[in-house]
Amino acid sequence: MATVHTPAGERNLPKEMPAKAAGEIHAGGSPIFTLKSTAFRAEREPAWRRLEALITRAEKGGLTSLDARELLRLPILYRAVLSSLSVARAISLDRNLLTYLESLSSRAYFLIYGGRSNALSAIGKFLAETLPAAVRAARWYIALSALCMVLGAVLGYVLTIGNLDWFYTFVGDGMAQGRNPTADTETLRAPLFSDGRGLGERLSAFASFLFTHNARIGIMAFALGFALGAPTVLLLFFNGLTLGAFIALYDSRGLGADLMGWLLIHGVTELGAIVLCGAAGLMIGRAVIFPGEYTRLQNLARAGRRAAVIVIGAVLMLFVAALLEGFGRQLILVTEQRFLVAGVTAVLWALYFVRAGRGAS
Amino acid sequence: MTGSDSMMQTAQSIGPRSRLSRRIETPEGVILPIELGQRGERAVAFILDFLIVMGIIIALYLLLIVVILGGKFGGIGWLFALVMLASFFIRSFYFAFFELRWQGRTPGKRTMGLRVIDRAGGPLTPQAVLARNLMREVEVFLPITVLISGTFKGEIWETLATIGWLAVFMFMPLFNRDALRVGDMIAGTWVVSAPKALLLRDLAHGEATDAAEAPASTYYNFTTKQLDAYGIYELQTLEGVLRDQRPTAGEVRAEVAKRIRNKIGMPPADPANPDTERFLAEFYTAMRARLERRMLFGIRRRDKHDKR
């Protein structure tokens with residue numbers, strides 16, 4: 001522990017300190033009673049009281065209740081009190097004094113290191129720099145996560161195109177909703193080009209989407225990373241299998257391209273989000289399995305914060321995907337145009353994650 | 001704060017530190033003791049916040065019903081969707097919003113005197129706040145949603161699995177020393193309680209509240225040998241006794257004075273004029289002067305058994 005007795009902040013305060021306090025004690029009483037700790041307290045107490053008054057106000061009304069001058073003085077007084085605490089620990093045995101200084105220092109510390117108070121600028125910086133940087137840093141996890149899903153999709157496609165019975169294995173009844181190998185081609189085709197029934201229908205689709213399958217898979221992929229990452233890999237793989245099986249079914253009826261248009265118009269964004277969530281889950285899993293030079297808990301915290309950034313990004317992507325699914329897909333009914341939208345979103349996301357915030361430190 | 005409260009606080013800080021005491025190092029390199037929030041307090045804080053969130057969401061739905069009954073709007077589908085969206089946002093960002101704005105406190109935590117800080121002693125970053133509250137979605141809201149929808153479907157095994165999931169996450173703070181929930185582990189945070197301590201008068205001043213009025217001379221003269229009968233632990237226990245303001249304090253002080261006189265080989269006090277207060281105050285001051293002086297020479301005598 002570095003015990004700094006007189007940091008710069010302390011020396012900035014001489015005007016407001018009763019410099020004569022120690023002398024007065026000598027004048028009034030016998031020198032026997034002038035303990036060093038007593039003189040010390042008499043000299044420093046006004047600064048403590050000023051900090052205490054500032055903190056009490058800020059705790060009640062928030063940091064915004066302090067004016068600019070007070071805000072500037074807060075860290076100076078805080079450092080002064082910290083140094084008082086260090087001195088008091090070395091020279092004073094007054095338990096109440098030590099407890100008071102510790103409590104005052106902690107309260108000031110909570111206030112000063114308690115986080116940014118401006119939520120809006122925090123969000124702005126997050127979108128412009130933190131998120132794309134975190135995604136770039138996690139590119140290998142993202143690659144692995146995407147690989148899991150692609151492998152699942154390829155396997156699901158190959159198996160199902162060879163024998164349509166596999167479809168039942170990969171896709172649950174609840175998800176298929178009658179879209180299975182026994183359905184006729186028109187039943188399969190109709191939902192691809194349905195335009196919904198007006199604005200209400202679309203918004204409902206959008207809202208309910210938030211609570212449905214894919215959003216849940218994304219969050220689960222992240223959360224299950226906690227369980228060593230294996231469930232994340234399986235989840236991604238099974239999600240791929242389902243996807244592959246659907247594509248195979250539609251492809252076997254010559255609707256492959258139409259399905260891809262229907263899927264990718266929002267799927268580029270949505271599957272991207274799931275891949276990001278999976279990558280975050282893998283990061284957490286790896287942090288637990290290979291803690292490196294840290295303890296498991298420390299490493300979990302380090303990876304967890306980076307992973308959470310990515311998941312928040314993924315949640316935002318899921319919102320965009322929901323918009324595209326709720327509106328774009330119902331409004332754009334031509335497969336070629338859907339591919340165009342899918343392509344544009346892919347390019348935009350790639351540009352954002354690869355380029356945004358590059359110059360920032 | 002009443003006298004007995006401050007007495008208890010003094011006694012607590014002298015005695016063995018509680019199981020929830022931790023130390024953090026500030027970026028300035030000073031070690032600060034902190035007290036983790038008790039699990040019960042945290043549960044109450046969460047329930048308060050949960051009730052607030054639910055209150056807002058229910059109010060939104062009531063508003064929706066009023067609007068629907070009013071019948072001014074054509075389709076109710078999109079209104080319903082809007083309310084669903086709003087409630088999703090409210091419950092997801094309520095905690096993060098307040099913890100960002102109020103330096104790690106939500107209304108519930110503020111009521112209970114709790115706050116979130118960085119476990120390593122650094123600043124509480126927005127990422128950490130978002131991370132610990134995003135996990136809340138997984139820990140609580142997601143399983144509750146599944147539980148409600150699962151109950152309607154009547155799938156018993158699904159309900160049981162969800163209850164298990166909910167239990168593992170909710171009771172996680174009970175299974176680790178630092179009372180961390182999963183969100184805290186991920187974000188590298190912990191929840192501490194921040195009690196205020198009052199600065200009481202300096203007992204080494206005698207009765208005077210102002211340093212200038214300190215008594216000019218002392219009545220008792222203690223020898224170095226007498227002052228060396230005790231160490232820091234006893235000094236601070238005596239401080240607690242002197243600061244005690246409960247009705248029984250007088251008796252306690254008389255008993256303590258008797259024992260000290262016995263220990264340092266002074267004759268018992270005159271029963272007609274025991275002079276307890278002055279004796280204890282002067283003994284305290286003299287002992288503190290002696291111990292503090294020795295401390296300046298690098299000798300910290302822990303207690304009376306410490307042979308230094």
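Since we're looking at a predicted model, the values are computed, not measured.

Basis of the calculations
- Residues numbered from 1 in each chain as written.
- Chains lettered and ligands numbered in written order.
- Predicted model: local features only at pLDDT ≥ 70, side-chain atom pairs only at ≥ 80, totals over all residues.
- Helix = DSSP H or I, 4+ residues; strand = E, 2+ residues; numbered from the N terminus.
- Expected span 1.5 Å × (residues − 1).
- Bend = angle between axes of the 7 residues up to and from the residue.
- Buried ≥ 20, exposed ≤ 12 C-beta atoms within 10 Å, placed from the backbone.
- pLDDT = per-residue confidence, 0-100.
- Contact = placed C-beta atoms within 7 Å.
- Core = buried A, V, L, I, M, F, W, Y, C linked by C-beta atoms within 7 Å.
- Pairing = 2+ DSSP bridges.
- Axes fitted to C-alpha atoms, helices over the stretch in contact; angles between N-to-C directions.
- Left-handed = near helix turned anticlockwise from the far one by under 90°.
- Nonpolar A, V, L, I, M, F, W, Y, C, P; charged D, E, K, R; others polar.

### So, helix H14 (residues 256–289) of chain A
Residues and elements named next belong to chain A. Taking 1.5 Å of rise per residue, the 34 residues of H14 would be expected to cover 50 Å, yet its terminal C-alpha atoms sit only 41 Å apart, more than 12% below that figure. Its axis deflected by about 60° at Gly267, H14 carries its strongest bend there. Of all 34 residues making up H14, 27 are buried, and the element is well covered by its neighbours.

### As for the confidence of the model for chain A
Summarising the model, chain A shows a mean pLDDT of 77, and 78% of its residues fall at 70 or more. Note on residues 1–32 of chain A: pLDDT is under 50 here. Beyond four places in sequence and across chains, it has 54 contacts.

### A few points about the nonpolar core
Grouped together as the largest cluster of nonpolar side chains are 126 residues, with contacts concentrated most on A:Val81, A:Ile310 and A:Val311. Of the residues forming this core, the biggest block, 18 residues, is contributed by H14(A). The residues touching A:Val311, leaving out its near neighbours within four places in the chain, are A:Phe222, A:Cys277, A:Ala280 and B:Leu134. Ranked by size, the runner-up nonpolar core spans 16 residues in total, among them A:Leu93, B:Leu238, B:Phe283 and B:Leu291.

### As for the confidence of the model for chain B
All names here are of chain B. When pLDDT is averaged across chain B, the result is 80; 82% of the residues are at 70 or more. Element-level pLDDT for chain B is lowest in helix H1 (residues 3–14), with a mean of 38, against a maximum mean of 92 in helix H4 (residues 107–112). Across residues 1–16, where pLDDT falls below 50, the model places 27 contacts with residues more than four positions away in sequence or in other chains. For residues 207–214, every residue scores under 50 in pLDDT, and the model assigns this stretch 19 contacts once sequence neighbours within four places are set aside. For this predicted complex, the interface score ipTM comes out at 0.80, alongside a pTM of 0.71.

### A closer look at the sheet that holds strand E3 (residues 114–118) of chain B
An order of E1-E2-E4-E3 (chain B) is seen for the four strands of this open sheet, with the pairing classed as antiparallel. Each edge of the open sheet carries a strand with a single partner, namely strand E1 (21–25) and E3 of chain B. The sheet shows a mean angle of 55° between the axes of neighbouring strands, direction not considered. Summarising the sheet, E3(B) and strand E4 (residues 189–193) of chain B pair through five bridges and their orientation is antiparallel. By the bridge assignment, B:Ile117 is partnered in E4(B) with B:Trp190. The strands that helix H5 (residues 95–112) of chain A touches are strand E2 (31–36) and E3 of chain B; relative to E2(B), the one it contacts most, it runs at about 80°.

### Observations regarding the packing of helix H7 (residues 139–162) of chain A against helix H13 (residues 230–251) of chain A
Residue and element names in this part refer to chain A. Look at H7 against H13: their axes get within 6 Å of each other, and the N-to-C directions meet at 35°. With respect to the hand of their crossing, H7 and H13 are arranged in right-handed fashion. Split into classes, the residues belonging to the contact of H7 with H13 amount to 19 nonpolar, eight polar and one charged.

### Considerations on the environment of B:Thr125
Residues and elements named next belong to chain B. Within the secondary structure, Thr125 is located in the loop between E3 and helix H5 (126–153). You can call Thr125 partly exposed: it has 19 C-beta atoms within 10 Å. C-alpha of Thr125 to C-alpha of Leu100: the two residues are 25 residues apart in sequence and 8.6 Å apart in space.

### A look at the pairing of E1(B)
Successive side chains on a regular strand alternate, one facing one side of the sheet and the next facing the other. Residue and element names in this part refer to chain B. Summarising the sheet, E1 and E2 pair through five bridges and their orientation is antiparallel. Bridge pairing in E2 places Ser21 opposite Glu35. In textbook terms, the turn of a hairpin is the stretch between consecutive antiparallel strands, and for E1 and E2 this stretch comprises five residues, one of which, Gly29, has a positive phi near 90°.

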